[in-house]
Amino acid sequence: MPRPVIAFACDHGGFPLKARLLVALEAAGCDVLDLGTESTAPVDYPDYAAALGRAIIEKRAARGVLVCGSGVGASVAANKLPGIRAALCHDSFSARQGVEDDDCNVLCLGARVVGPELAADLVDIWLKARFSGAARHVRRLEKIRQLETNALTFK
Ligand code: RB5
């Protein structure tokens, strides 16, 4: 069984969680595509959200973990990319159900909100979750795809 590739990216606000989350991803049997950043020097989170989203769209990674200070800016930016379903989850129920029901492919976290052990648990729960494939959820995802298509043409 090939190891899944999970992309990881953070801005300076998210950097304090990076080392712990890379350990969590590797411990869960994933290969990590590390897209930075590499320090707490200020950067712009949309650049990192774009790099991570692009890696998923181009199938260089199956899913991604994206961290900023609050997780809010990262999730807003990532959700602008077609096919990206990013969710800010600071509780286990959302981390699991966001995949089971909504096929969330990017987990966003806020390093100024959750500590490293909770963040690592959330990554683990999210990684283990699988989309249910239930007809009602497939139908809703198709409606999201239509929203993306219509947005591109300002409908
Ligand atoms: C950076 O200071 C901070 O704004 C960013 O990490 C994030 O919290 C944005 O939502």
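Anyway, here's the lowdown on the structure attached to this text. (Residues numbered from 1 in each chain as written. Predicted model: local features only at pLDDT ≥ 70, side-chain atom pairs only at ≥ 80, totals over all residues. Heavy atoms only, no water.)

With respect to the site of the ligand
Thought 1: In the region of the ligand, the neighbouring residues are Asp11, His12, Gly13, Tyr45, Cys68, Gly69, Ser70, Val72, Gly73 and Arg112.
Thought 2: Gly69 places a main-chain nitrogen or oxygen 2.7 Å from an oxygen atom of the ligand.
Thought 3: Separating an oxygen atom of the ligand from a side-chain N or O atom of Arg112 is a distance of 3.3 Å.
Thought 4: Protein contacts shield 72% of the accessible area of the ligand, which totals 290 Å² for the unbound molecule.
Thought 5: Grouping the amino acids of the shell around the ligand by side-chain chemistry returns three nonpolar, five polar and two charged. (Near = heavy atom within 4 Å. Polar contact = N/O pair within 3.5 Å; in protein donor to acceptor, adjacent residues only side chain to side chain. Areas by Shrake-Rupley, 256 points an atom, 1.4 Å probe, with all protein chains shown as cover. Nonpolar A, V, L, I, M, F, W, Y, C, P; charged D, E, K, R; others polar.)

Quick notes on the sheet that holds strand 1 (residues 5-10)
Thought 1: Strand order in the open sheet made by the five strands is 2-1-3-5-4, with parallel pairing throughout. Pairing within the sheet leaves two strands with one partner each, and these edge strands are strand 2 (31-34) and strand 4 (86-88). Across the sheet, the mean angle separating the axes of adjacent strands is 25° when strand polarity is ignored.
Thought 2: Alignment of strand 1 against strand 2, held across four bridges, turns out to be parallel. Residue pairing across strands places Ile6 opposite Val32, the latter belonging to strand 2.
Thought 3: Here helix 1 (residues 15-27) sits on the sheet in contact with strand 1, strand 2, strand 3 (63-68) and strand 5 (106-110), set at roughly 170° to strand 1. (Pairing = 2+ DSSP bridges. Helix = DSSP H or I, 4+ residues; strand = E, 2+ residues; numbered from the N terminus. Axes fitted to C-alpha atoms, helices over the stretch in contact; angles between N-to-C directions. Contact = heavy atoms within 4.5 Å.)

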